[in-house]
Amino acid sequence: MRGVSAGRGAGFSLQRDFSPAFSTTSTLGFWKVGWSMMDSLMRAGVQVEGRTLPDRRGACVLSALVCVCIGLAWQVLTVHYNYGGNWTALFVTGSHFPVPRALASEHLYVLPNSVGYDGQMYHYVAHDPLMQRGFRDFIDNARLRYRRILLPALAFILAAGRQPAIDTSYIVSNLLFLFSGAWWLSRYLVLSEQSPALSILFVLVPAALISLDRLTVDLPLTALCIGAAYYAKIESRWRLYAVLVLAGLSRETGLVLTMAFCISRCAQHRFVQAALFSTAALPACLWYLFVDSRTSGLGVHWSNVTPLLGIVGTLIHPVQYPFSPAVNAIIVTEDYLTMAGIIVAAILAFSILRRNPFGYIEIAASLWPLARCFFPTPSGRTAARAGDSSLPF
């Protein structure tokens, strides 16, 4: 990213470059205009189960914007106070992995004596989405990372392929998914006769928190899950189809949304629609074939696929961390809580499926924990990270 350096105050800074836009006067004016738009748009109505509910589209937009502002404010503060204004620190690049020479001009913030986090790998994917620059050699599991192409590809497209602009477009793309998730959630809340302002809390879901702090690809899939639920509820088929296509390209677990929809339609004897929507998985499958032809294995051992092996193994033999006994105990406790959360969420998912066995959302919410029961826990992976695949449900 051009102009970014590790020095304090250097590089791109929202606070410095856009401070006039966030002055007190302009901010108050923004809220007044926003509320005026909301009041005018609330006069429209939406039909739900034979009843006319206030559309509240303006309130939904405003809630989504507030959600994004909170997420962006967190990033501005953490970059300013923790990383000296260097926005590349959000990729959490570790010194244990070599950095491509082509990115030397970005002056990446590199954490010493650290393996970093997943965001550094997707950062490299965004710079080389078609594997033409050799960046895949710097990625720990190229096949797995490149399969999750949606966020890196969007960053590349928004930057028009210009390498110096990709880092900024990556951060913007992540915030776009935060807005989309909050928007879809607010629309769903309106249909449920709840306040759309509750969608502001979308910024606090685990996928949003980790994606804002470490620029992972968890947020796009979680947002798309909410979009799928909303479009299924209003029966907007082609928009739902588009969301299903994008979900498969965001993460391999996104294909669960397509699978669940097809199962629900088959259970209702709507076989033609099930066959039609099954094609939403084709773009992801074709992309996977392209990636597989240019990368090596996934690096995940599936030789001992036994139900609950990963969860039970983690509970019996927790990961030991290279910290003091007190810190290690705290982190292990968090891992236990993560596993407990997965189990409780699975129980809740199956309970709602029992009440509505043919429901699309109920089936999707049950398929994720069912698949998670068969996932092995990769060596050296924490329980918290092993639960990433369960974030959507």
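Now for a quick tour of the structure. Residue numbers run consecutively from 1 along every chain, following the written order of its sequence. At least 70 in pLDDT is required for a residue's local features to be given in this predicted model, at least 80 for side-chain atom pairs to be given and counted, and no such filter applies to totals for whole chains, interfaces and linings, which use all residues. Hydrogens are left out, water is left out, and the side-chain values use all remaining heavy atoms of the structure.

### Describing helix α13 (residues 282-292)
So, step 1. Partly exposed residues are those whose accessible area sits between 20% and 50% of the maximum for their type, while under 20% is buried and over 50% is exposed, using a 1.4 Å probe and protein chains only. Starting at the N terminus, helices and strands are each numbered in turn, a helix being any DSSP run of H or I of at least four residues and a strand any DSSP run of E of at least two. Taken together, the buried positions of α13 are occupied by Ala284, Trp287, Tyr288 and Val291. Down the axis of α13, the smallest arc covering the buried residues is 105°, so these residues share one side. Seen from the buried face of α13, the exposed residues on the opposite side, beyond 90 degrees, are Leu286 and Leu289. Here the arc refers to the set of directions running from the helix axis out to each C-beta atom.

### Considering helix α8 (residues 206-214)
So, step 1. Where α8 is concerned, the buried positions are Ala207, Ala208, Ser211 and Leu212. Seen along its axis, α8 keeps its buried residues to an arc of 120°; they face one direction.
So, step 2. Leucine 215, located one to two residues past α8, shows a positive phi value of around 50°.

### Notes on the packing of helix α3 (residues 57-82) against helix α7 (residues 166-191)
So, step 1. One way to put it is that α3 packs onto α7 with a least axis distance of 8 Å and a crossing angle of 145°. For the element pair α3 and α7, the recorded crossing hand is right-handed. Listed contacts from α7 to Arg57, Cys60, Val61, Ala64, Leu65, Cys67, Val68, Gly71, Leu72 and Gln75 of α3 are Ile171, Leu175, Leu178, Phe179, Ala182, Trp183, Ser186, Arg187 and Val190.
So, step 2. Nonpolar residues are Ala, Val, Leu, Ile, Met, Phe, Trp, Tyr, Cys and Pro. Charged residues are Asp, Glu, Lys and Arg, and all others, Gly as well, are polar. The residue makeup of the contact of α3 with α7, split by class, is 14 nonpolar, 3 polar and 2 charged. Here, axes are lines fitted to C-alpha atoms. For helices the fit covers the stretch in contact, and angles between N-to-C directions go from 0 to 180 degrees. Working rule for handedness: look at the near helix, and if it is turned counterclockwise from the far one by less than a right angle, call the crossing left-handed; if clockwise, right-handed. Whether two residues are in contact is decided by their heavy atoms, any of which lying within 4.5 Å being enough.

### Looking at the nonpolar core
So, step 1. Counting 77 residues, the largest nonpolar core has Tyr170, Leu178, Trp184 and Leu257 as its most contacted members.
So, step 2. Sorting elements by how many residues they give to this core places α7 first, with 11 residues.
So, step 3. Residues contacting tryptophan 184, with those up to four places away along its chain left out, are Ala223, Leu224, Ile226, Gly227, Tyr230, Tyr231 and Val243. Residue types Ala, Val, Leu, Ile, Met, Phe, Trp, Tyr and Cys, when buried and joined through side-chain atoms within 4.5 Å, form a set referred to as a nonpolar core.

### Observations concerning the pattern of salt bridges
Close approach of charged atoms allows side chains with opposite charge to pair.
So, step 1. Here, a salt bridge means any side-chain nitrogen of Lys or Arg that lies within 4 Å of a carboxyl oxygen of Asp or Glu. Inspection of the entire model under this criterion finds 7 salt bridges.
So, step 2. Between glutamate 252 and arginine 148 there is a salt bridge, with its nearest N and O atoms 2.4 Å apart. Here the residue glutamate 252 occupies a position in the loop between α10 (237-250) and α11 (255-267), and arginine 148 occupies one in the loop between α5 (142-147) and α6 (150-158), the gap between them amounting to 104 residues.
So, step 3. Overlapping salt bridges, with partners in common, bring together Asp118, Asp140 and Arg145 in one network.

### A few points about the environment of alanine 275
So, step 1. In this fold, alanine 275 is placed in helix α12 (residues 271-278).
So, step 2. Taking the C-alpha atoms as reference, alanine 275 lies 9.2 Å from arginine 265; in sequence the two are 10 residues apart.

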